[in-house]
Amino acid sequence: MLSKYHWWRDAVIYQVYVRSFLDSTGDGIGDLAGVRAGLPYLKKLGVDGIWLSPFYPSPQHDHGYDVADYCDVDPLFGDLAEFDLLVAAARRLGIKVLLDIVPNHCSSEHPWFEEALAAEPGSAARARFHFADGRGADGSEPPNNWHAMFGGPAWSRVTEADGQPGQWYLHMFTPEQPDWNWRNPEVGAEFDRVLRFWLDRGVDGFRIDVAAGLYKHPELPDSDDPEADARTRDSVNPLAWNQPEVHAVWRGWRSICEEYTARDGRERLLVGEVSVPTAREHALYVRSDELHQAFFFDLLSAPWEADAFRKVISEAMQDIAGTGSTVTWVLNNHDQVRTVTRYGEPATEGSGLGAARARAAALLMLALPGAAYIYQGEELGLPEVVDLPDDVLTDPIFRRTGSRARIRDGCRVPLPWSGQASPFGFTSGVESAKPWLPQPDYFAEYATDRALADTRSFWHLYRDGLQLREALPQLGEGTLRWLESPPGVLAFVRGDGLVCAVNFGTAPTSAPVSGTPLLSSGPCPAGVLPGSTAAWWMSDGTESVAP
Ligand code: NOJ
């Protein structure tokens, strides 16, 4: 029998960046057994599911987003037997498991790419990727002028069997991540097989990497603004991303998910990493026969200003909710500077402003209609580690651009679990183990054992928010009506009467509801909404709806 309740529509999913979650072997790298050991912690927090960052065999040039084998586990992280144990343990606890699938590109060590390198120009093996002759008299210039997202040209030249420089292949990220040619039906068929492999092992769905990618313009023409991708590090080259053909792939994947659901009634979820210019284009990816959901990154990129937040929330509600899907809110992930640091202001460093705002943003996100994703450590209020020395940085962006701008190691530092010194319980039982990125001493303040013991911690705010989402029918899916509010304040009513208000300014203002809040991100006396604070109240019927 099919379940009537679409669990994913208002689910809260916790992103596990496996290599930084919990290390069960003492090699300084988190692993699947560590994730299994951490499940009770996540159950206590109250999340509905986990998304596991890639753990497949990979040379780790982009920490697993360079996949050499889509149907196995890298020995760094465990093996298939351990994976099965993890899925079974999560199922027992009622925690859904989503995998990260990477269909735009693979690893240069994937057997099909190795076969393509060894094969002739024009061969069937090369037709699975984008191989092309170079330009110029001797073919020494790339086939077009596109730049890769992580710096440098989007093409690399190969050496042919005769030892001579030969064709070029396309890679929109690093040279170790060749892009698949989705115009070749063998590629789609292979990914159908991969989906079924993991669905047969019991997973509840997939987070899809670069879901606006896959297809390129069929002629691979020059771009008018070749450096746009590298400059913005967003997929903005209209010839390389967001091609109309990609929608057929999502329809096919959706039908595979439906097939499994029809068998056992368990709904499977496809959530896409969709970076496209407007909310309206985003909405095309979540039409009822395509992806169930797609991360709505505009909230994450909005500056800390009431008007900016109101605009992105209104657009999302209008364009995405109109498709019949729900909005998938996100404030943090493994590619972004953590909110505590992002919302802080250098002039007020140390004042806790970034932390106060991050707490308020969390309460706002959890009050919005739809699903929400929490990135590990967000529930601890971890700041970005901004002073990692150059010699420990592993992000290919740093290696390829030589710049620290927007590098991603600072949000990937292994989690602190307990104790006063690194590894802070990250490596179970091996006190001398060295985490793959160094943890700063101040991580002691953020360790999970301290967070659980302190009712004022971020952890308790997230846990209380999740409990209220579970208990109150007004939260999760449903309506949102804006309330009239003073400049710098956002206020809205959910359903038949839960009010959420956020004061983006620093001075207190009057609260939209007179009583004591059900939950607030900071101290919040009755009738007052302090600066950099969000709160939830049950409506007393006196608040006025915006015209
Ligand atoms: C998006 C992922 O989130 C990021 O970590 C990765 O580097 C790129 N896609 C390329 O796969």
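Predicted model only: the values in this text are computed from it and were never measured. Counting of residues starts from 1 at the beginning of each chain's written sequence and follows it residue by residue. Totals for whole chains, interfaces and linings use all residues, but because this is a predicted model, local features are given only for residues with pLDDT of at least 70 and pairs of side-chain atoms are given and counted only at 80 or more. Note: side-chain values were computed over all heavy atoms of the structure, leaving out hydrogens and water.

**A few points about the sheet that holds strand 6 (residues 165-170)**
Note the following rule: At least two bridges found by DSSP between two strands is the condition for calling them paired. A run of DSSP states H or I qualifies as a helix once it reaches four residues; a run of E qualifies as a strand once it reaches two. Both are numbered from the N-terminal end.
Read across the sheet, 3 strands follow the order 4-6-5 without closing on themselves; strand pairing throughout is antiparallel. With partners counted over all chains shown, the strands left at the sheet margins are strand 4 (131-132) and strand 5 (155-159), one partner each. Pairing analysis gives 4 bridges linking strand 5 to strand 6, with the strands arranged antiparallel. Directly across from Thr159, in strand 6, lies its bridge partner Pro165.

**Thoughts on the site of the ligand**
Using the following cut-off: Note on terminology: near, applied to a residue and a molecule or strand, indicates that one of the residue's heavy atoms is within 4 Å of it. As used in this structure description, the phrase polar contact means that two N or O atoms lie within 3.5 Å; if the pair is within protein, one of them must be able to donate a hydrogen and the other to accept it, and residues adjacent in sequence are counted only when both atoms belong to side chains. Note that accessible areas follow from Shrake-Rupley with a 1.4 Å probe, and for residues the cover is restricted to the protein chains shown. Only Asp, Glu, Lys and Arg are considered charged in this grouping, and only Ala, Val, Leu, Ile, Met, Phe, Trp, Tyr, Cys and Pro are considered nonpolar; every other residue, Gly among them, is considered polar.
Around the ligand, 13 residues are found, and the nearest of them are Asp62, His105, Asp209, His334 and Asp335. Within the side chain of Arg207, a nitrogen or oxygen atom sits 3.1 Å from an oxygen atom of the ligand. In the model, an oxygen atom of the ligand is placed 2.5 Å from a nitrogen or oxygen of the Asp335 side chain. Protein chains bury 97% of the 290 Å² of accessible surface belonging to the ligand in isolation. Taken together, the residues of the shell around the ligand sort by class into 4 nonpolar, 2 polar and 7 charged.

**Quick notes on the sheet that holds strand 14 (residues 498-503)**
Applicable threshold: The contact rule is simple, with two residues in contact once any of their heavy atoms fall within 4.5 Å. Axes here mean lines fitted to C-alpha atoms, for a helix over just the part in contact, with angles spanning 0 to 180 degrees between N-to-C directions.
Within the open sheet, the 5 strands sit side by side as 12-13-14-18-16. Their pairing is antiparallel. The open sheet has two edge strands, strand 12 (480-482) and strand 16 (519-520), and neither has a second partner. Relative to strand 18 (residues 533-538), strand 14 runs antiparallel, the two being bridged by 6 bridges. The residue bridging Val502 from the neighbouring strand is Ala534, located in strand 18. Sitting on the sheet, helix 11 (residues 353-367) is in contact with strand 13 (489-494), strand 14, strand 16 and strand 18, with an inclination near 40° to strand 18.

**Quick look at the pattern of salt bridges**
Under the convention used in this document: Definition used for salt bridges: Asp or Glu carboxyl oxygen within 4 Å of a side-chain nitrogen of Lys or Arg. Burial here depends on accessible area, computed with a 1.4 Å probe over protein chains only, as a share of the maximum for the residue type. Under 20% is buried, over 50% is exposed, and the range in between is partly exposed.
Applying the stated criterion across every chain yields a total of 32 salt bridges. Taking the shortest distance from any N to any O, the salt bridge between Glu190 and Arg193 comes out at 2.9 Å. Note that Glu190 and Arg193 are positioned in helix 4 (residues 185-200) at a spacing of 3 residues, about one turn of the helix. Note on Glu190: relative accessible area 15%, which makes it buried. Overall, Arg193 belongs to the partly exposed group, its relative accessible area being 45%. In this structure, Asp395 and Arg408 form a salt bridge, with 2.8 Å as the shortest nitrogen-oxygen distance. With Asp395 in the loop between strand 11 (371-375) and helix 12 (396-401) and Arg408 in the loop between helix 12 and helix 13 (448-453), the pair connects residues that are 13 residues apart, well separated along the chain. Judged by relative accessible area, Arg408 falls into the buried class, the value being 7%.

**Comments concerning the pairing of strand 11**
Of all 5 residues in strand 11, 5 are buried, a share of seventy percent or more. Neither face of strand 11 is open: one carries Ala371, Tyr373 and Tyr375, the other Ala372 and Ile374, and all of them are buried. Sheet topology places strand 1 (residues 12-16) next to strand 11; 4 bridges connect them, and they run parallel. Within strand 11, the position partnered with Val12 by the bridge is Ala372. Pairing analysis gives 3 bridges linking strand 10 (residues 328-330) to strand 11, with the strands arranged parallel. By the bridge assignment, Val330 is partnered in strand 11 with Tyr373.

**Observations regarding the packing of helix 1 (residues 32-45) against helix 14 (residues 458-471)**
Each pair of packed helices gets described by two things: the angle between the helix axes and the distance between those axes. The contact between helix 1 and helix 14 brings their axes to 8 Å, and the two run at 65°. For the pair formed by helix 1 and helix 14, the contact residues are Tyr41, Lys44 and Leu45 on the first element and Trp459, Tyr462, Arg463 and Leu466 on the second. The residue inventory of the contact of helix 1 with helix 14, partitioned by class, reads 5 nonpolar, no polar and 2 charged.

**Focus on the side chain of Ser521**
Note that Ser521 resides in the loop between strand 16 and strand 17 (528-529). Dropping the residues within four chain positions of it, Ser521 is found in contact with Arg359, Ala360, Leu363, Leu461, Ser532, Thr533 and Ala534.

**A word on the environment of Pro153**
Among the structural elements, Pro153 can be located in the loop between strand 4 and strand 5. Classification of Pro153 as partly exposed rests on a relative accessible area of 43%. Remark: the alpha-carbon pair of Pro153 and Phe173, spanning 20 residues in sequence, is separated by 9.4 Å. Ignoring sequence-local partners within four residues, the contact set of Pro153 consists of Trp146, His147, Ala148, His171 and Arg400.

**Some words on the nonpolar core**
Filter applied, for reference: We define a nonpolar core as any set of buried Ala, Val, Leu, Ile, Met, Phe, Trp, Tyr and Cys residues linked to one another through side-chain atoms lying within 4.5 Å.
Formed by 174 residues in total, the largest nonpolar core has its most connected members in Tyr14 and Leu52. Among the elements that line this core, the one with the most residues is helix 11, at 9 residues. Filtering out sequence-adjacent residues up to four positions away, Leu52 remains in contact with Val16, Val18, Val35, Phe83, Leu86, Val97, Leu98, Leu99 and Asp100. Counting 12 residues, the second largest nonpolar core, distinct from the first, contains Val489, Val499, Val513 and Leu529.

**Some thoughts on helix 6 (residues 246-264)**
The cut-off we apply is this: Here the expected span of a helix is defined as 1.5 Å times the quantity of residues minus one.
Helix length check: helix 6 (19 residues) gives 28 Å between terminal C-alpha atoms against 27 Å at 1.5 Å per residue, within 8%. Of all the residues in helix 6, the buried ones are Val246, His247, Val249, Trp250, Trp253, Arg254, Ile256, Cys257, Tyr260 and Thr261. One or two steps after helix 6, the chain reaches Gly265, where phi turns positive at roughly 80°.

**Remarks on the packing of aromatic side chains**
Defined as follows: Aromatic rings from Phe, Tyr and Trp, taking only the six-membered ring of Trp, are treated as a pair when their centres fall within 6.5 Å; an angle between ring planes under 30 degrees marks them as stacked, one over 60 as edge-to-face, and anything in between as tilted. The rule is short: NZ of Lys or CZ of Arg within 6 Å of the ring centre and within 35 degrees of the ring normal puts a charge over the ring.
The tally for this structure, following the rule as stated, stands at 35 aromatic pairs. Where Tyr14 meets Phe21, the ring centres are 6.3 Å apart and the plane angle is 75°; that geometry is what we call edge-to-face. With relative accessibility at 0%, the residue Tyr14 sits in the buried group. Of the residues examined, Phe21 reaches a relative accessible area of 0% and is grouped as buried. The ring of Tyr260 is capped by Arg263, whose NZ or CZ atom sits 4.2 Å from the centre of that ring. Note that Arg310 overlies the ring of Trp482, its terminal NZ or CZ placed 5.8 Å from the centroid.

**Here's the deal with the domain arrangement of the chain**
Inclusion rule: Each domain span listed reflects an automatic or database assignment of domains. Using a 1.4 Å probe, buried area is obtained as the accessible area two parts lose upon being combined, added over both of them.
Domain boundaries in the chain define domain 1 (8-102 + 331-478), domain 2 (111-170) and domain 3 (479-547). Computed over C-alpha atoms, the centres of domain 1 and domain 2 are 37 Å apart. The contact between domain 1 and domain 2 buries some 420 Å² in all, and 58% of this surface belongs to carbon and sulfur atoms. By the criterion of area lost to domain 2, the three top residues of domain 1 are Ala68, Ile397 and Arg400, representing 70% of everything that side buries. Taken together, the connections running from domain 1 to domain 2 amount to 0 salt bridges.

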